[in-house]
Amino acid sequence: MLAAEVALPPPRLESEFALERAIYERRSIREFTSDMLTLEQIGQLLWAAQGITDTVRGFRAAPSAGATYPLVLYIVIPDGIFRYMPEEHKLVRIREGDHRLALARAALNQPWVSSAAMSIVITARFERTTRRYGERGIRYVYMEAGHAAQNILLQAVALGLGSVPIGAFYDDEVQKVITCKEAPIYIVSVGHPR
C-alpha cells in the first residue's frame, strides 16, 4: 500500500528508444495483464504529461497557452486515487481503495479501464486560461490536454507498455469517482499489454 504522499523517482531523460519508433508503434491497446506498474513507470508517464522541464521558469513537458497550466492529473490505481503534484514530482492520495471498476462504469462500462494497471484522468481548471484569453482559452485548454495525452501515449510505448485514450465518459460520474472539482477532459488507461 502506498503512503498518503509518495515522492516519485526522478524522470529518465534519455533512452535507447527513438521517438520516431514510439510514433510508429503507438496503437490503442485494450487488453492488459494483471501486472502493476512500478513507481518509476508511473512517475515517467506523469512527468511526460505535466512534469517540470525548466525549474527556473516552471515550464512543463506539454505546451500551455501563456504558461497558464490549467491541467490537473489524477491517477486511479489499485492502491487508490492520487493527484500528481508536478512541482514536487510526487503523488498525494485523494482516496484509498481500488476504484478502477467505478471509473470504468463512469466511462460507459469500458472494461479496459478496470483491467488497466492505471488510468490517468486529465482534468482542467479552465479559468486559469480563460482569465487571460477569454472564451478562446477554452480551445487552448483542450489543445493542451491533447498534447499531454499524446506525450503519455508515446511514453507508454517507449516503456514497453500499452495504452488507450478515452473520451467517452460521464463527466459528473468521473468527478464523483475521483472527488475533484475540475472538469474531466480525457482518460488514458495504461498497463502491460496482453
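Everything below is about the structure printed above this text.
Let me sum up the structure you'll find in this document. In this text, all values refer to a predicted model and were calculated from it rather than measured experimentally. (Residues numbered from 1 in each chain as written. Predicted model: local features only at pLDDT ≥ 70, side-chain atom pairs only at ≥ 80, totals over all residues. Heavy atoms only, no water.)

As for the overall build of the protein
Okay, so step 1: Tallying secondary structure elements over the protein gives seven helices and nine strands in all.
Okay, so step 2: The C-alpha radius of gyration computed for the protein amounts to 16 Å, which stays within 12% of the reference 16 Å derived for 194 residues, consistent with globular compactness.
Okay, so step 3: For the protein, the spread of C-alpha atoms along the three principal axes comes to 45 × 40 × 35 Å.
Okay, so step 4: Counting only residues that meet the buried cut, the protein has 47% of its 194 residues in that class.
Okay, so step 5: Sequence-distant contacts, at least 24 apart, represent 71% of the contacts inside the protein between residues at least 6 apart.
Okay, so step 6: As displayed, the protein offers around 9500 Å² of accessible surface, 51% of which is attributable to carbon and sulfur atoms.
Okay, so step 7: Within the protein, one finds 22 positive and 21 negative side-chain charges whose respective centroids are separated by 5 Å. (Helix = DSSP H or I, 4+ residues; strand = E, 2+ residues; numbered from the N terminus. Rg over C-alpha atoms; globule rule 2.2 N^0.38 Å. Buried < 20%, exposed > 50% of the residue type's maximum accessible area, 1.4 Å probe, protein only. Contact = heavy atoms within 4.5 Å. Areas by Shrake-Rupley, 256 points an atom, 1.4 Å probe, with all protein chains shown as cover. Lys, Arg positive; Asp, Glu negative; His and termini not counted. Charge placed at Lys NZ, Arg CZ, Asp CG, Glu CD.)

Re the pairing of strand β4 (residues 71–77)
Okay, so step 1: Most of β4 is tucked away, with seven of its seven residues classed as buried.
Okay, so step 2: Neither face of β4 is left uncovered, since the one carrying Leu71, Leu73, Ile75 and Ile77 and the one carrying Val72, Tyr74 and Val76 both have all their residues buried.
Okay, so step 3: Of the pairings in the sheet, the one linking β4 to strand β5 (residues 80–85) comprises four bridges and is antiparallel in character. Residue pairing in the sheet places Ile75 in a bridge with Phe82 of β5. (Pairing = 2+ DSSP bridges.)

Some remarks on the pairing of strand β9 (residues 183–191)
Okay, so step 1: With seven of its nine residues buried, β9 lies for the most part within the structure.
Okay, so step 2: Taken together, the seven bridges between strand β7 (residues 118–124) and β9 define a ladder with antiparallel strand orientation. Across the sheet, the residue bridging to Val121 is Ile187, located in β9.

Looking at helix α6 (residues 136–158)
Okay, so step 1: With 23 residues, α6 should reach 33 Å at 1.5 Å per residue; the first-to-last C-alpha distance of 34 Å fits that figure.
Okay, so step 2: Every buried residue belonging to α6 is among Gly137, Val141, Glu144, Ala145, Ala148, Ala149, Ile152, Leu153, Leu154, Gln155, Ala156 and Val157, and all of these are buried. (Expected span 1.5 Å × (residues − 1).)

Remarks on the sheet that holds β7
The strands making up a sheet associate through backbone hydrogen bonding, with each pair oriented either parallel or antiparallel.
Okay, so step 1: Strand order in the open sheet made by the seven strands is β1-β6-β5-β4-β7-β9-β8, with antiparallel pairing throughout. Both outer strands of the open sheet, β1 (5–7) and β8 (162–166), are each paired with one neighbouring strand and no more. Direction aside, neighbouring strands of the sheet carry axes that sit 25° apart on average.
Okay, so step 2: Helix α2 (residues 39–50) rests against β1, β4, β5, β6 (90–96), β7 and β9 of the sheet, and its axis sits at about 160° to β4. (Axes fitted to C-alpha atoms, helices over the stretch in contact; angles between N-to-C directions.)

A short note on the environment of Arg57
Okay, so step 1: With respect to the helices and strands, Arg57 occurs in the loop between β2 (52–54) and β3 (59–60).
Okay, so step 2: A residue is classified by how much of its surface remains accessible, and Arg57, at 58% relative accessible area, is exposed.
Okay, so step 3: The sequence separation of Arg57 and Leu2 amounts to 55 residues, and the corresponding C-alpha distance is 31 Å.
Okay, so step 4: Looking at Arg57, its side chain comes within polar contact range of the side chain of Asp54, at 2.8 Å. (Polar contact = N/O pair within 3.5 Å; in protein donor to acceptor, adjacent residues only side chain to side chain.)

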